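Topology and contacts: notes
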Amino acid sequence: LRTINLTHLAFVFLAAYLTYGFSHGGQLSPFLAMLLLVPCFFVLGAALHWLFDRFEVDEFGSVLATFGMMVIVESIIQGIW
């Protein structure tokens with residue numbers, strides 16, 4: 001595939017925190033929250049991969065871009081929770 005995506009782990013952590021927040025703060029079942037969030041994050045990851053293919057980003061560019069996105073997502077997680 002030649003696309004290295006480092007944001008997958010950050011997306012997993014974000015989905016876990018959102019599931020926790022929806023289940024405790026919103027009084028939503030954790031299973032229902034996961035049922036809603038998993039397809040959303042699948043689409044997000046597929047869209048990111050499609051963008052890299054569309055603009056023909058090389059391996060180093062994908063590592064650099066996804067590392068930056070990973071840092072941003074993890075900073076948002078730390079800022080909120």
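Residues numbered from 1 in each chain as written. Predicted model: local features only at pLDDT ≥ 70, side-chain atom pairs only at ≥ 80, totals over all residues. Heavy atoms only, no water.

1. Here's the deal with the overall build of the protein chain
Which entries qualify depends on this criterion: Secondary structure elements are defined from DSSP: runs of H or I of at least 4 residues count as helices, runs of E of at least 2 residues count as strands, and each element is numbered from the N terminus. Relative accessibility thresholds used throughout: buried, under 20% of the residue-type maximum; exposed, over 50%; partly exposed, between the two (1.4 Å probe, protein chains only). Contact criterion: two residues are considered in contact whenever any of their non-hydrogen atoms come within 4.5 Å of each other. Per-residue and other accessible areas follow the Shrake-Rupley method at a 1.4 Å probe size, with only the shown protein chains counted as cover for residues.
Along the backbone of the protein chain there are three helices and zero strands. Seen through its C-alpha atoms, the protein chain measures out along the principal axes to roughly 45 × 25 × 15 Å. Every one of the 81 residues in the protein chain was classed for burial, and the buried ones make up 25%. Pairs at least 24 apart in sequence give 67% of the contacts found in the protein chain among residues at least 6 apart. With the model as given, the accessible surface of the protein chain reaches about 5800 Å², and the carbon-plus-sulfur share is 74%.

2. Side note on the packing of aromatic side chains
Our working rule: In this scheme Phe, Tyr and Trp rings, the latter by its six-membered ring, pair at centre separations within 6.5 Å, and the angle between planes marks the pair as stacked below 30 degrees, edge-to-face above 60, and tilted otherwise.
Under the defined criterion, the tally for this structure stands at two aromatic pairs. Relative to Phe41, the ring of Phe11 has its centre 6.0 Å away and its plane inclined at 50°; by these criteria the two rings are tilted. Linking Phe11 in helix 1 (residues 7–24) with Phe41 in helix 2 (residues 30–54), this pair joins segments that are 30 residues apart in sequence. On the accessibility criterion, Phe11 (11% relative accessible area) is buried. Geometrically, the ring pair formed by Tyr17 and Trp81 is stacked, given 5.2 Å between the ring centres and 25° between the ring planes. Of this pair, Tyr17 sits in helix 1 while Trp81 sits in the segment after helix 3 (59–80), and the two are 64 residues apart along the sequence. Assessed through its relative accessible area of 42%, Trp81 is described here as partly exposed.

3. Quick look at the packing of helix 1 against helix 2
Convention followed: Angles run from 0 to 180 degrees between N-to-C directions of axes, and those axes are lines fitted to C-alpha atoms, restricted for helices to the stretch in contact. If an angle is under 35 degrees, it is roughly parallel; if it is over 145, roughly antiparallel; if it lies from 65 to 115, roughly perpendicular; otherwise it is oblique. The sense of a crossing depends on the near helix, which, turned anticlockwise from the far helix by less than a right angle, makes the crossing left-handed and, turned clockwise, makes it right-handed. Classification used: nonpolar for Ala, Val, Leu, Ile, Met, Phe, Trp, Tyr, Cys and Pro, charged for Asp, Glu, Lys and Arg, polar for all others including Gly.
The geometry of helix 1 relative to helix 2 is characterised by a closest axis approach of 9 Å and an angle of 155° between their N-to-C directions. Looking at the two axes, helix 1 sits roughly antiparallel to helix 2. Taken as a pair, helix 1 and helix 2 cross one another with a handedness that is right-handed. Side by side, helix 1 and helix 2 meet where Thr7, Phe11, Leu14, Ala15, Leu18, Thr19, Phe22 and Ser23 of the first sit next to Pro30, Ala33, Met34, Leu37, Phe41, Leu44 and Leu48 of the second. Broken down by class, the residue content of the contact of helix 1 with helix 2 amounts to twelve nonpolar, three polar and no charged.

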